[in-house]
Structure formats: structure tokens, C-alpha cells
Amino acid sequence: MNVLKYGNFFSYYLLGFSGIFTFVYLFKNIGSSKVLEYYGRNSLIVLALHFPVKDILIKLIVLVFVIDVEAYYYNAGFALGLTVLNLLCLIPVIFLINNYFPFLLGKKRSSESSGGLRVRLRKFVN
């Protein structure tokens, strides 16, 4: 799919659905995982930022290691390493957005900080 060559129509869908069912089966049998739950709770941030972070990481790899990245696009080890590095780089971004910019996700500030300020202002005004 990465090179837009799908091959046989029926085998494409057969392999696609078998992959979906395989992952559903695997994750039902794995049970709960703190790492998967963390990324599941923050999937909107990961979805929005994984491509820009991937582009930055690839440019850094090209600058640091002076290699041609085109040769590594078809390497599964490179793709897996890039995915892990991408998810690790998103951890501080997730922390910053959740704690300092929750409005980007449509969330309000925590009730403790905003509620406490309102109560103090009401006491001050009255």
C-alpha cells in the first residue's frame, strides 16, 4: 500500500480483513496494558502530530547519519524503530497539551483551578 500497488482486488480485501481480525483477536487476548491505555487516552494528539514528528525525525536521521532515506522506506526494522522513536517523542508533547493547553482538545481546565478562583473572586467581590 505504501507504493500504491494493490495487486489482486480479492486478495487485497481478504488480507485487509484478515489483518483486522488478527489484531482484534490479539488485543482481546493481551488484556490491559498501561502503555496501550496511555496512548489510547491520548490518541487524538498522536493522530494529529505523528506525521509532523515523523518528518522531523527523518530529516534529523538524514542530517546526523548522512544516509539516503529512500533505501530505508522498504525496511521493516527502520519503520518499526521510527515508530517507537516517534511515540517516545510524543510523550512530552502529550504531557504539555494535557496539562497546559487542554483547550486544544476541547477540554476545560481542571475544576480545582477554575472553581477555586471563582470562589475566591466571589468572596472578594461580596
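Reading the values: rules and limits
Residues numbered from 1 in each chain as written. Predicted model: local features only at pLDDT ≥ 70, side-chain atom pairs only at ≥ 80, totals over all residues. Heavy atoms only, no water. Phe/Tyr/Trp six-rings, centres within 6.5 Å; stacked < 30°, edge-to-face > 60°. Buried < 20%, exposed > 50% of the residue type's maximum accessible area, 1.4 Å probe, protein only. 1 Å grid on protein atoms, 1.4 Å probe; cavity = no way out; pocket = protein on both sides within 12 Å on 5 of 7 lines; lining within 4 Å. Points joined across faces, edges and corners; volume = space filled by probe spheres on them. Helix = DSSP H or I, 4+ residues; strand = E, 2+ residues; numbered from the N terminus. Nonpolar A, V, L, I, M, F, W, Y, C, P; charged D, E, K, R; others polar.

A. View of the packing of aromatic side chains. Under the defined criterion, the tally for this structure stands at five aromatic pairs. A centroid spacing of 5.1 Å and a plane angle of 80 degrees characterise the contact between Y12 and Y13, whose relative ring orientation is edge-to-face. According to the relative accessible area criterion, Y12 is partly exposed, its value standing at 28%. A relative accessible area of 41% means that Y13 is categorised as partly exposed. Arranged with centres 6.5 Å apart and planes meeting at 80 degrees, the rings of F95 and Y100 form a pair that is edge-to-face. Since its relative accessible area comes to 47%, F95 is described here as partly exposed. Owing to a relative accessible area of 46%, Y100 belongs among the partly exposed residues under this scheme.

B. Seen up close, the layout of surface pockets. There is about 320 Å³ of room inside the largest pocket. As for the largest pocket, its lining consists of 14 residues, of which K54, A79, L82, T83 and N86 are closest to the centre. Elements supplying a minimum of two residues to the lining of the largest pocket: α3 (43-65) and α4 (76-100). Of the residues contributing to the lining of the largest pocket, the split by class is nine nonpolar, four polar and one charged.

Read these as spatial facts, not as claims about activity.
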